[in-house]
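Chain residues, written in single-letter form:
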Amino acid sequence: MEFGLESLGLTTLLLIVLAGFAAGWVDAVVGGGGLIQLPALLLVPGITPVQALATNKMGSIFGTATSAATYYRRVGPDLKTALPMAAIALAGSFGGAVLAANLPASVFKPIIVTALVAVALFTALKPDVGGITALRHDGHKHYVVACLIGAIIGFYDGLIGPGTGSFLVIALVSAMGYAFLEASAKAKIVNMATNAGALLFFLPHGSILWGVGLLLGAANMAGGYLGARTAVKQGSRFVRVVFLLVVSALIIKLGYDVWQENFA
C-alpha cells in the first residue's frame, strides 16, 4: 500500500489541501472540480497518470458524498429518479475505467470540447432554462431518459472524467426539465456513484496513494459541504452562473490539450 505523503514538501501539501477544498466547492455547485484537483495531484513527485486519476477519484468520493448528503437534507431530491440513475452510472463508470486503461483519452477530447461549446452556447442563449423545474417527461419515459443519461455520463466519467458533474447538470436541466439547483442535487448522488464505479476498477490495481487520497478527501469534504450550502442558499440563478464559468474553463483546458497533442 502506497501513501505518498512521505514525498510531499510543505508547499505541495498546502497546495493539495487548498486544491481539494476548492475542487469540493466547485463540484458541489456544478461539478468540474477535477480541473483543480488533478493538476495539483500531478505535483506529487513520481506520481503516474494512473495514480493521479485513481487518487483523484478517492478524494472526490468524500466530497460528493458530503455534498449529496447536504443537498438531500436541504433540497430533498427525488430518490426514485436519482438512485436508479446512480446505479446505472456506477456500472457505466466501471466500464469506462476498463476502456481507459487500453485507449488514450486524447481520442475523445475533440468530441468533448465540441460538446462543451454546444452546452455553453445553449445555457448562455437560453437564460430562462433551469430557472424552475418543469419536467419534460413522465411515467416510464422519465426513468428511461434518466438511466440513459446515467449510463452515458457514467461511462464518460470512468473514461476521461473532467466535467462529469457539469454534463450531469446540463443533461438534467435540458433533457429532463429540472431547475439548476435540483439538477445539482441529483447530479451529486449520481457523481458519487460514478466515482465509486471507477474506484472499483482502480482498487485491485493498487494505483491509489492512500495518504494523499485521504488528505484530499478531508479537504474535499469541507469544500463540498460549504459548496452545497452556498448553492442552496443562492439558488438556481447562482448555480447557472457558476456552471457557465466552469464550462468555459473546461473548454479552455481541454481545447488547449487538443492543440498541444495535435498541433504543437
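Residues numbered from 1 in each chain as written. Predicted model: local features only at pLDDT ≥ 70, side-chain atom pairs only at ≥ 80, totals over all residues. Heavy atoms only, no water.

Looking up the protein in an unreviewed UniProt entry gives the name Probable membrane transporter protein, with the organism given as Pseudarthrobacter scleromae. Quoted verbatim from the Subcellular location (unreviewed entry) field of UniProt, the annotation for the protein is "Cell membrane". (UniProt positions renumbered as here; feature names shortened; annotations may be inferred.)

Draft legend 1. Structural context of the packing of helix α9 (residues 210–234) against helix α10 (residues 236–262). Running from N to C, α9 and α10 cross one another at 125°; their axes reach a closest spacing of 6 Å. By the angle between their axes, α9 is oblique relative to α10. Between α9, through Thr230, Ala231 and Gln234, and α10, the contact on the second element is made entirely by Ser236, Phe238 and Val239. A breakdown of the residues in the contact of α9 with α10 according to their chemical character gives three nonpolar, three polar and no charged. (Axes fitted to C-alpha atoms, helices over the stretch in contact; angles between N-to-C directions. Helix = DSSP H or I, 4+ residues; strand = E, 2+ residues; numbered from the N terminus. Parallel < 35°, antiparallel > 145°, perpendicular 65-115°, else oblique. Contact = heavy atoms within 4.5 Å. Nonpolar A, V, L, I, M, F, W, Y, C, P; charged D, E, K, R; others polar.)

Draft legend 2. Structural view of a positive patch on the surface. Together, Arg73, Arg74, Arg229 and Lys233 give the surface a local cluster of positive charge. Only α3 (49–74) and α9 provide two or more residues apiece to the positive patch. Tracing the sequence through the fold places Lys233 in helix α9. Of the residues examined, Lys233 reaches a relative accessible area of 71% and is grouped as exposed. (Patch = residues over 30% accessible without salt bridge, like charges linked within 9 Å, V, L, I, M, F, W, Y side chains within 5 Å. Areas by Shrake-Rupley, 256 points an atom, 1.4 Å probe, with all protein chains shown as cover. Salt bridge = Lys/Arg side-chain N within 4 Å of Asp/Glu carboxyl O. Lys, Arg positive; Asp, Glu negative; His and termini not counted. Charge placed at Lys NZ, Arg CZ, Asp CG, Glu CD. Buried < 20%, exposed > 50% of the residue type's maximum accessible area, 1.4 Å probe, protein only.)

Draft legend 3. How the structure looks around the UniProt feature "transmembrane region" (unreviewed entry) in the protein. Within the UniProt annotation, "transmembrane region" (unreviewed entry) is assigned to residues 82–101, 107–125, 145–178, 198–226 and 238–256. For the annotated span residues 198–226, helix accounts for 76% and strand for 0% of the residues, and the straight-line distance between the end C-alpha atoms is 25 Å. Strand forms 0% of residues 238–256 and helix 100%; the C-alpha atoms that close the span are 27 Å apart.

Draft legend 4. Here's a closer look at the packing of aromatic side chains. In total, this model carries five aromatic pairs according to the counting rule given. Taking the centre distance of 5.4 Å and the plane angle of 85° together, the rings of Tyr156 and Phe167 count as edge-to-face. One end of the pair, Tyr156, is in helix α6 (residues 139–159); the other, Phe167, is in helix α7 (residues 164–174), with 11 residues separating them in the sequence. A relative accessible area of 8% places Tyr156 in the buried class. (Phe/Tyr/Trp six-rings, centres within 6.5 Å; stacked < 30°, edge-to-face > 60°.)

Draft legend 5. Broad picture of the packing of helix α4 (residues 79–100) against α6. Axis separation between α4 and α6 bottoms out at 6 Å; the angle between their running directions is 30°. One element, α4, and the other, α6, form an angle in the roughly parallel class. Relative to α6, α4 is oriented so that their crossing is right-handed. (Left-handed = near helix turned anticlockwise from the far one by under 90°.)

Draft legend 6. Expanded view of the side chain of Thr66. Summarising the element assignment, Thr66 is placed in helix α3. Not counting the four nearest positions on each side in its chain, Thr66 is found in contact with Met221 and Tyr225.

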